[in-house]
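Fold and geometry: a report
These are the residues of each chain, in order.
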Amino acid sequence: MIAEKLTTSRNSQESVSVFQRKLYLKAKRQPTFRFYSLYDKVYRSDVLQRAYDLVRQNQGSPGIDGETFEAIEAGIGKLAYCHAIQASLKARTYRAMPVKRVEIPKPNGETRPLGIPCIKDRIVQMAAKLIIEPIFEADFSTNSYGFRPKRTAHQAMDAIKEGLLKGHVHVIDADLSKYFDTIPHHKLLRTVAERVVDSRILSLLKQWLKVPVVKADRGTDKIIGGRKSRAGTPQGGVISPLLANIYLNILDRIWDRHQLAAKYKARLVRYADDMVVLCARGTSKPYAILQHVLGKLDLKLNDDKTQIRDARKETFGFLGFNISFVTGRQPDKHFPLVEPSDKAIQTIKQKIKYYTRREMIPVPINIIVGKLNQTARGWSNYFYYGHGHRKLKSIKYYMESSLRSQLRYRHKVRNHGAAFRRFPSRYIYDDLKLYKMPTAPAWKARMLKEEEHRKAVCGRTACPV
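Residues numbered from 1 in each chain as written. Predicted model: local features only at pLDDT ≥ 70, side-chain atom pairs only at ≥ 80, totals over all residues. Heavy atoms only, no water.

**Here's the deal with the overall build of the chain**
Threshold: Numbered from the N terminus, helices here are DSSP runs of H or I no shorter than four residues, and strands are runs of E no shorter than two. Accessible area is worked out with a 1.4 Å probe on protein chains only. A residue is then buried under 20% of its type maximum, exposed over 50%, and partly exposed in between. Any two residues having at least one pair of non-hydrogen atoms within 4.5 Å are treated as being in contact. Using a 1.4 Å probe, accessible areas were evaluated by the Shrake-Rupley method; residue-level cover was limited to the displayed protein chains.
Each helix and strand in the chain was counted, giving 19 helices and 11 strands. Within the chain, the fraction of its 465 residues that count as buried is 45%. Long-range pairs, those at least 24 residues apart, make up 71% of the contacts in the chain between residues at least 6 apart in sequence. Accessible surface for the chain amounts to roughly 25,100 Å². Of this, 52% is attributable to carbon and sulfur atoms.

Okay, structure coming up:
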């Protein structure tokens, strides 16, 4: 049974990948072609099964109906569930359910709204995304890095470092004001229709844009949005990042078509709604153009958070990193220094402190270590970039010290010195299996990895002298 499920998942992944490649190549070869018959591809069995697997991997919370994957698989099962969705899409009886809205706390005390669609809606959104994403991927600019296949935040940081090294040191650190809440529906759908004219696909997108959002407010449910809403995409929806990229691709397209990077020496680097413009000359003209284009899109910059910086003298932030242009050991050598921001450091320390607080004494130590490892591994995988190893080293010691304090509480050890002797680093890492953060420079670790790979290859084949 398990082997059969694995085979089905693998087959659906391969067949969907082949179909996506065909769509991408068609869109790439014919930039003006408009796709008119895609809806029936959304409810293909392999597409729905692949969508189910991807949504399952994300491990999201239940929507407003409380349905979980465990309940689905203990009940009718994955295949029957996908067949039911397929039947509703085929008969055009599918209707999106209201989205549950929750508030995610930020380190500064504020909250960020997050919409959680039901599992059924997440699967249909993912199926639609699998079909239409390759088409728009063929049109997206190389300036765009966010929420795209085979594109990462580290690549965006590489582009910024390259721009700074080429003299683009005047930085427009742009921040869009409530972007996901202000995307106008009619303009967004018109932008989608430049490539996808299947009315049934557009009808699905419209459903998701105008679905009611239910927010718990003082014990009662408050309905936000719905049929009368004119703007916004619910943050948390599977399809929302793609729609956000499609709409802001207009900005990228204008920047490319009018060759603004060459004309004004202004390089745009965008990660979803986060963007910087790196200028080698003045910033006034690029800034005016940026404001003008965003105004045409019914978007605006957040005046309080948008900053113009001279990277040679000031630090600016992007995607959780602090970036500055500093002098090396030789006075004539300059390089971009990229490190985790103070906010990112504060966030990881708060999580470590939460898991090792005194109230966690009744919790088995292996569970606490597991929580710490999960948090630290994900954080270090992202921030182990540039010169981030210096901050990672301090977080490593902070996590080790916090865990040692938790052990001290449990075993009633008198002071920190005694705790260090009783629970040395060897015990914490070898016996408790605490994750050890990397502390060597990222470039050095990469070179060592490449050297190990070279030796492994040479061990199997004859190496050239």
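**Regarding the environment of Lys 391**
As for its placement among the helices and strands, Lys 391 is situated in helix 16 (residues 389-411). Assessed through its relative accessible area of 23%, Lys 391 is described here as partly exposed. In this structure, the C-alpha to C-alpha distance between Lys 391 and Pro 340, residues 51 residues apart in sequence, is 7.0 Å. If near-sequence neighbours (up to four positions away) are discounted, Lys 391 is found in contact with Glu 339, Pro 340, Asp 342 and Ile 345.

**Some details on the sheet that holds strand 3 (residues 170-175)**
Using the following cut-off: By this definition, two strands are paired if DSSP reports at least two bridges between them. A fitted line through C-alpha atoms serves as each axis, taken over the contacting stretch for helices, and the angle formed by two N-to-C directions is quoted from 0 to 180°.
Pairing is antiparallel across the open sheet formed by 4 strands, whose spatial order is 6-7-3-8. Unpaired on one side and paired on the other, strand 6 (266-271) and strand 8 (307-310) mark the two borders of the sheet. Between one strand axis and the next, the sheet turns by 20° as a mean value, whatever way the strands run. Pairing of strand 3 with strand 7 (residues 274-279) involves 6 bridges; the strand directions are antiparallel. The residue bridging Asp 175 from the neighbouring strand is Asp 274, located in strand 7. Strands in contact with helix 7 (residues 153-165) are strand 3, strand 6 and strand 7; relative to strand 6, the strand with the most contacts, it is inclined by about 165°.

**Things to note about the sheet that holds strand 11 (residues 334-340)**
Reading across the sheet, the 3 strands line up as 9-10-11 and stay open at both edges, with antiparallel pairing between neighbours. What marks the edges here is a single partner per strand, and that holds for strand 9 (316-318) and strand 11. The mean inter-strand angle of the sheet, taken between neighbouring strand axes irrespective of direction, is 35°. The pairing of strand 10 (residues 321-327) with strand 11 spans 7 bridges and is antiparallel. Bridging from a neighbouring strand, Ile 323 pairs with Val 338 of strand 11.

**Thoughts on the pattern of salt bridges**
Inclusion rule: We define a salt bridge as a contact between a side-chain nitrogen of Lys or Arg and a carboxyl oxygen of Asp or Glu at a distance within 4 Å.
The full count for this structure, using the stated rule, is 21 salt bridges. In this structure, Glu 70 engages Arg 56 in a salt bridge whose closest nitrogen and oxygen atoms are separated by 4.0 Å. You can see Glu 70 sitting in helix 4 (residues 69-74) and its partner Arg 56 sitting in helix 3 (residues 45-58), a full 14 residues away along the chain. When the shortest N-O distance is used, the salt bridge between Arg 253 and Glu 194 registers 3.4 Å. Linking Arg 253 in helix 11 (residues 240-257) with Glu 194 in the loop between helix 9 (185-192) and helix 10 (199-210), this pair joins segments that are 59 residues apart in sequence.

**Focus on the packing of aromatic side chains**
Centre distance and the angle of the planes are the two values used to describe a pair of aromatic rings. This is how the line gets drawn: Side-chain rings of Phe, Tyr and Trp, where Trp is taken by its six-membered ring, are said to pair if the distance between their centres is within 6.5 Å; with planes under 30 degrees apart they count as stacked, over 60 as edge-to-face, and otherwise as tilted. Both a distance and an angle decide whether a charge sits over a ring: NZ of Lys or CZ of Arg must be within 6 Å of the ring centre and within 35 degrees of the ring normal.
This model, assessed by the stated rule, comprises 14 aromatic pairs. Taking 6.5 Å as the distance between ring centres and 55° as the angle between the ring planes, the aromatic pair formed by Phe 33 and Tyr 36 counts as tilted. In this structure an aromatic cluster arises from ring pairing among Phe 321, Trp 379, Tyr 382, Phe 383 and Tyr 385. Sitting over the face of the ring of Phe 33, Lys 26 holds its NZ or CZ atom 4.4 Å from the ring centroid. When the ring centre of Tyr 409 is taken as reference, the NZ or CZ atom of Arg 358 above it lies at 4.1 Å.

**Some remarks on unusual backbone geometry**
Positive phi, close to 55°, is recorded for Gln 59, a residue that is not glycine. For Gln 59, the position within the fold is in the loop between helix 3 and helix 4. Looking at Gln 59, the relative accessible area reads 67%, which means it is exposed. Of note in this structure, Arg 92 is not a glycine but carries a positive phi near 60°. Within the fold, Arg 92 resides in the loop between helix 5 (78-90) and strand 1 (99-105). Residue classification places Arg 92 among the partly exposed positions, given a relative accessible area of 43%.

**Side note on the packing of helix 3 against helix 5**
Axis angle and axis distance: for two packed helices, these are the angle between their axes and the distance between the axes, and together they describe the pair. Just so we agree on the cut-off: An angle counts as roughly parallel when it lies under 35 degrees, as roughly antiparallel when it exceeds 145, as roughly perpendicular when it falls between 65 and 115, and as oblique in every other case. Note: crossing handedness is left-handed where the near helix turns anticlockwise from the far helix by less than a right angle, and right-handed where it turns clockwise. Note on residue categories: nonpolar means Ala, Val, Leu, Ile, Met, Phe, Trp, Tyr, Cys or Pro, charged means Asp, Glu, Lys or Arg, and polar means any other residue, Gly included.
At their nearest, the axes of helix 3 and helix 5 sit 10 Å apart, and the two run at 125° to each other. Taken together, the axes of helix 3 and helix 5 are oblique relative to one another. Crossing of helix 3 over helix 5 shows right-handed handedness. Contact residues: helix 3 offers Ser 45, Leu 48, Gln 49, Tyr 52 and Asp 53, while helix 5 offers Lys 78, Leu 79, Tyr 81, Cys 82, Ile 85, Gln 86 and Leu 89. Of the residues belonging to the contact of helix 3 with helix 5, the class tally is 7 nonpolar, 3 polar and 2 charged.

**Re the nonpolar core**
Heads up, the condition is: Remark: nonpolar core denotes a set of buried residues (Ala, Val, Leu, Ile, Met, Phe, Trp, Tyr, Cys) joined through side-chain atoms within 4.5 Å.
Residues Leu 89 and Leu 290 are the most contacted members of the largest nonpolar core, which totals 81 residues. The element contributing the most residues to this core is helix 6 (residues 119-137), with 11 residues. Sequence-distant contacts of Leu 89, that is, excluding residues within four places in its chain, are made with Tyr 39, Val 42, Tyr 43, Leu 48, Tyr 94, Val 124 and Leu 204. Counting residues in hydrophobic clusters, the runner-up holds 50 residues, among them Ala 156, Ala 159, Val 169 and Tyr 435.

**As for the environment of His 416**
With respect to the element layout, His 416 can be found in helix 17 (residues 416-422). C-alpha of His 416 to C-alpha of Arg 404: the two residues are 12 residues apart in sequence and 8.4 Å apart in space. Residues contacting His 416, with those up to four places away along its chain left out, are Ser 405 and Arg 408.

**Points about the side chain of Ser 88**
Put simply, the test is: Contacts described as polar in this section are N or O atom pairs within 3.5 Å, which, within protein, must combine one atom able to donate a hydrogen with one able to accept it, while residues neighboring in sequence count only if both atoms come from side chains.
Mapped onto the elements of the fold, Ser 88 is located in helix 5. A distance of 2.8 Å separates a polar atom in the side chain of Ser 88 from the backbone oxygen of Ile 85. The contacts of Ser 88, once residues within four sequence positions are left out, are Thr 93 and Tyr 94.

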